[in-house]
Structure formats: structure tokens, C-alpha cells
Amino acid sequence: MKESVFKQKRMLKLWRLALGVITLLLVSVLAYGWWDSSHWNTPVKDTKIKLDAEMVIKGVNYTEVRKGEKFWELRAKQARFYSDKKQTLLIDVEAVIYLKDGRQVYIEGDRAIMHVKTKNIDIFGKVTLSTGPYKLVTDSLHYNNNKRVIKTRDRVIMTGNGIVLKGHGLSLDINTKKLKIESTVDCLLGGKVLAGLG
């Protein structure tokens, strides 16, 4: 009798354990499905917007002009407008920022979100920034249109003139042309490590 009760209790524990594992698996699958469908590698949280836009336009070209001079220009293969969020999702993005000395900064990315009111832009997914002989690669960039500052918290690799800089986080002031890599900088010249700054 005692052995039968013991077996029943053991079976009950096993069933509870199995049920717990199944529940955990279901929650994990559902959570992964939600994350996979809604998560984009973006620098800000509010850029997780749905794909069913109110209006979709192919072949977009937008130019910001101030006092008769080009400030920046943006091109995209597709634009999706969301009036409720006051945002525009851009697909396959190319942007040009015009400097006062006549030079240009080129930015490319898989996707971008332009905030309609501020015209700030978040670019993400295989992002490259280049000017002259220098090229920077990262996962995301945020462009502040008012301050003319480009920032990222992601890993960055900058190459040019035989130099390779690797680090995390970057700030580039377009007006002053000051570039700062925030932390963990490795500098290579001709394949040799010159410095490692933690």
C-alpha cells in the first residue's frame, strides 16, 4: 500500500515537472517569435514599429535646405509613413551630410527611422560612414539634426590611411569635426598593434 502511494506521488511529481518544462518551452517559443518579428537592431527603443504603414512610397529622395544651402540629403528605396508615431521607416538608406568646407559625409544602412518633427534619424543594420579616405563600420547611428552630432553606443571599426581603430561608442560633431571613440580603443598600423586603451 505504502509502495503504491509512493509510486503515485512520484508519478505526480514527474507529471508536474513535465508540465513545467512544456510550459517553459511554450513561453520561450512565443517570446522568441515575438522578439524575432518585432526586434530590429536599433539605438533607441521607440523604433520598434509595425510594418503595416499607412502609405508606402518607392524611390524616395529628401533634401534638407537651410539658407539656400544643402544641409543633408537622404535617399531610400522605400519609405513607409506612420502618422500616429510621426515616424518614417526607410529601407536601403543612403545619406549625405554637407560640411561648410565643401566636404561630404556619406552614410549607408539597411534601415532608418526619420522622426518627422525633429528630423532626427536613426540608422541601423550594417551601417557605414565614410568621408575622404576614412570609413567607419558599426551596427547603428543616431543623427541629431539640430546639433549636427552623430552618435552610437555600438562597436565601431574605423579604417583609413593604413590605420585601423576599434572601439565601442562614438560621437562625431559635424560642426567642429571632432570625433571621439568612447572606450576600448585598439589602434593598428600596418597590421601591428600600436596601443590598447581600455
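Rules behind the numbers
- Residues numbered from 1 in each chain as written.
- Predicted model: local features only at pLDDT ≥ 70, side-chain atom pairs only at ≥ 80, totals over all residues.
- Heavy atoms only, no water.
- Buried < 20%, exposed > 50% of the residue type's maximum accessible area, 1.4 Å probe, protein only.
- Helix = DSSP H or I, 4+ residues; strand = E, 2+ residues; numbered from the N terminus.
- Pairing = 2+ DSSP bridges.
- Salt bridge = Lys/Arg side-chain N within 4 Å of Asp/Glu carboxyl O.
- Phe/Tyr/Trp six-rings, centres within 6.5 Å; stacked < 30°, edge-to-face > 60°.
- Core = buried A, V, L, I, M, F, W, Y, C linked by side-chain atoms within 4.5 Å.
- Contact = heavy atoms within 4.5 Å.

Enquirer: So what about unusual backbone geometry? Which residues, and what values?
Expert: It is generally the case that most residues other than glycine have a negative phi and that most peptide bonds are trans. One non-glycine residue, Asn161, lies in positive phi territory at about 55°. Looking at Asn161, the relative accessible area reads 55%, which means it is exposed. Within the chain, Lys177 stands out as a residue other than glycine whose phi angle is a positive 60°. Tracing the chain through its elements places Lys177 in the loop between strand 8 (163-173) and strand 9 (178-189).

Enquirer: Describe the pairing of strand 6 (residues 134-144), with residues and values.
Expert: Every regular strand shows the same layout, with side chains that alternate between the two sheet faces. Of the pairings in the sheet, the one linking strand 5 (residues 121-131) to strand 6 comprises nine bridges and is antiparallel in character. The residue bridging Ser130 from the neighbouring strand is Lys135, located in strand 6. Here strand 5 folds back onto strand 6 in antiparallel fashion, the turn holding two residues, of which Gly132 has a positive phi close to 60°. Bridging between strand 6 and strand 7 (residues 149-160) involves six bridges; their strand directions are antiparallel.

Enquirer: Talk me through the pattern of salt bridges; I want residue IDs and the actual numbers.
Expert: The final tally for this structure, using the stated rule, is nine salt bridges. Two residues, Arg66 and Glu64, come together in a salt bridge whose shortest N-O distance is 3.5 Å. Classification of Glu64 by relative accessible area gives buried; the value is 9%. One salt bridge connects Glu182 with Lys180, and the closest N-O pair in it is separated by 3.9 Å. With a relative accessible area of 42%, Glu182 lands in the partly exposed category. What makes Lys180 partly exposed here is its relative accessible area of 49%.

Enquirer: Lay out the environment of Gly125 in plain terms, naming residues and giving numbers.
Expert: Secondary-structure assignment places Gly125 in strand 5. For Gly125, a relative accessible area of 16% translates into the label buried. Between the C-alpha atom of Gly125 and that of Ser140, which follows or precedes it by 15 residues, the distance is 6.4 Å.

Enquirer: Explain the packing of aromatic side chains residue by residue, including any values.
Expert: Counted by the stated rule, this structure contains one aromatic pair. Their ring planes at 40° and their centres at 5.4 Å tell us that Tyr62 and Trp72 sit as a pair that is tilted. Of the two residues, Tyr62 is situated in strand 1 (residues 55-66) and Trp72 in strand 2 (residues 69-82); the sequence distance between them amounts to 10 residues. Using a relative accessible area of 1% as the deciding quantity, one classes Trp72 as buried.

Enquirer: Tell me about the nonpolar core, residues and numbers included.
Expert: By size, the foremost hydrophobic cluster in this structure holds 32 residues, and its most contacted members are Trp72, Leu90, Ile97, Ile107, Ile121, Leu129 and Ile150. Excluding residues that lie within four positions of it along the chain, Ile97 makes contacts with Phe71, Trp72, Arg103, Gln104, Val105, Ile107, Tyr143, Arg148, Ile150 and Ile174. Formed by five residues, the second largest nonpolar core is a distinct cluster that contains Leu89, Ile91, Ile113 and Phe124.

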